[in-house]
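An overview of the molecular structure
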Amino acid sequence: MAINSARLIYFSPTRTTRKVVEGIAKGIGVDDVEHLDLTPPGAAVQRQVDTRDGLVIIGAPVYAGRLPAEAAARLQRLMANGTPAVIVVVYGNRAYEDALLELWDLALEAGFKPVAAGAFIGEHSYSTVATPIAVGRPDTEDLRAARDFGRMIREKMGMMEGFGDISLLQMPGNFPYRESGLSSSISPVTQEAACTKCVRCVSVCPTGAIVLQDKVATDPSICIRCCACIKGCSAGARTMTDPHVRQVAEQLSSSCRSRKEPEMFL
């Protein structure tokens, strides 16, 4: 089976997942690459995904061992008809637990035929100067691994004559999936004295939880704590002040220092 095109489908608030799926596509070595970014609020619509002689790479981040509920909901609106797909999750150097299995199952339910899967590492959403967690990842070595993974996928599919040669792999994880454990009552806050009202935080929020009226306000009931607003604020005005989140960040910064490497399933 020849791969002549690639469609990248991803939910990536802080762009780490996007970098990984782009790296895999570079390794596959096709010129025809199309992006379907499910991150913006307006992307939550139903889409038919079919490609001829193509491959879809589906990527999502891991939050507390699961897919973000918002990402899962948007992925569930995709429909395919046996399109080959690569399944990728990106986690913050702690553990991806049931997330890869969850994304694999979602892809199957949507009508994709997964041919490979991977778990890569990205800078943790809670990473700050005070609590560094996988800073700068995916880094040069990670992206080299992503390209190598892409080349292996191309070689695997090159040896296939048709869809009948695609066999299901066994994914790590458990079903029923673990409880996500994320509270819906916590969100970043704005330090008004530092805020320049540039509305960068408004534009990067994947759920539309942030609005600017006379000041920046956040709706914690729809915030998913991706921290895109924090990482995207050049003035440093967006911060996470919740004591529980800060405690978790401190624990992760201490316990997740050992470098974890990407895992690939072919």
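In this text the structure is predicted, and so the values were computed from the model without any measurement.

Overview of the overall build of the chain
The helix and strand tally for the chain stands at seven helices and 12 strands. Its C-alpha radius of gyration of 19 Å places the chain within 12% of the 18 Å reference for a compact globule of 266 residues. Here the C-alpha coordinates of the chain stretch approximately 60 × 40 × 35 Å along the principal axes. Across the 266 residues in the chain, those meeting the buried criterion constitute 49%. Within the chain, contacts between residues separated by at least 24 positions form 82% of all contacts whose residues are at least 6 apart in sequence. With an accessible surface of roughly 12,400 Å², the chain has 49% of that area assigned to carbon and sulfur atoms. Distance between charge centroids for the chain: 5 Å, based on 29 positive and 29 negative side chains.

Quick notes on the side chain of S125
In this fold, S125 is placed in the loop between strand 7 (113-121) and helix 4 (140-158). At a separation of 3.1 Å, a polar atom in the side chain of S125 contacts the main-chain carbonyl oxygen of C226. Those residues in contact with S125, other than ones at most four positions away along the chain, are Y63, R225, C226, C227 and K231.

Things to note about the pattern of salt bridges
Enumeration over the complete set of coordinates arrives at 14 salt bridges. Of the charged contacts, one joins R18 and E22 as a salt bridge, the two residues approaching to 2.9 Å between their closest N and O atoms. Placement of both R18 and E22 in helix 1 (residues 16-28) is noted, with a separation of four residues, approximately one turn of the helix. On the basis of relative accessibility, which here comes to 24%, the residue E22 falls in the partly exposed class. Residue D139 pairs with R259 through a salt bridge whose shortest N-O separation is 2.8 Å. Taken together, the positions of D139 in the loop between strand 7 and helix 4 and R259 in the loop between helix 7 (243-255) and strand 12 (263-265) put the pair 120 residues apart, joining distant regions of the chain. The partly exposed category is assigned to R259, whose relative accessible area is 36%. If you follow the salt bridges from partner to partner, you end up with R137, D139, E141, D142, R259 and E261 in one network.

Regarding the confidence of the model for the chain
Taken over all residues, the pLDDT of the chain has a mean of 92, while the share at 70 or more is 93%. Taken element by element, the chain is modelled with least confidence in strand 3 (residues 47-48), mean pLDDT 70, and with most confidence in helix 1, mean pLDDT 98.

Comments concerning a nonpolar patch on the surface
There is a patch of nonpolar side chains on the surface, built from M152, M264 and L266 and spanning about 220 Å² of accessible area. You can see L266 is positioned in the segment after strand 12.

A look at the sheet that holds strand 7
The strand order 2-1-4-6-7-12 describes an open sheet built from six strands, whose pairing is mixed. One side of each edge strand has no neighbouring strand; the edge strands of this open sheet are strand 2 (32-37) and strand 12. Strand-to-strand twist across the sheet, computed as the mean angle between neighbouring axes with direction ignored, equals 15 degrees. Looking at chain direction, strand 1 (residues 5-10) and strand 2 are connected through six bridges and run parallel. When the sheet's bridge partners are listed, I9 is paired in strand 2 with L36. Most of the contacts of helix 1 go to strand 4 (residues 54-61), to which it runs at about 155 degrees, and overall it touches strand 1, strand 2, strand 4, strand 6 (84-91) and strand 7. Sheet strands touched by helix 4: strand 4, strand 6, strand 7 and strand 12. Its angle to strand 7, the strand with the most contacts, is close to 165 degrees.

So, the packing of helix 1 against helix 4
Contact pair helix 1 / helix 4: the axes reach a minimum separation of 6 Å and the direction vectors enclose 45 degrees. The orientation of helix 1 relative to helix 4 falls into the category oblique. Seen along the crossing, helix 1 lies across helix 4 with a hand that is right-handed. Between helix 1 and helix 4, the residues in contact are K19, V20, G23, I24, K26, G27 and I28 and L143, A146, R147, F149, G150, R151, I153 and R154, respectively. Its residues placed into classes, the contact of helix 1 with helix 4 shows seven nonpolar, three polar and five charged.

Parameters and conventions
- Residues numbered from 1 in each chain as written.
- Predicted model: local features only at pLDDT ≥ 70, side-chain atom pairs only at ≥ 80, totals over all residues.
- Heavy atoms only, no water.
- Helix = DSSP H or I, 4+ residues; strand = E, 2+ residues; numbered from the N terminus.
- Rg over C-alpha atoms; globule rule 2.2 N^0.38 Å.
- Buried < 20%, exposed > 50% of the residue type's maximum accessible area, 1.4 Å probe, protein only.
- Contact = heavy atoms within 4.5 Å.
- Areas by Shrake-Rupley, 256 points an atom, 1.4 Å probe, with all protein chains shown as cover.
- Lys, Arg positive; Asp, Glu negative; His and termini not counted.
- Charge placed at Lys NZ, Arg CZ, Asp CG, Glu CD.
- Polar contact = N/O pair within 3.5 Å; in protein donor to acceptor, adjacent residues only side chain to side chain.
- Salt bridge = Lys/Arg side-chain N within 4 Å of Asp/Glu carboxyl O.
- pLDDT = per-residue confidence, 0-100.
- Patch = residues over 30% accessible without salt bridge, like charges linked within 9 Å, V, L, I, M, F, W, Y side chains within 5 Å.
- Pairing = 2+ DSSP bridges.
- Axes fitted to C-alpha atoms, helices over the stretch in contact; angles between N-to-C directions.
- Parallel < 35°, antiparallel > 145°, perpendicular 65-115°, else oblique.
- Left-handed = near helix turned anticlockwise from the far one by under 90°.
- Nonpolar A, V, L, I, M, F, W, Y, C, P; charged D, E, K, R; others polar.

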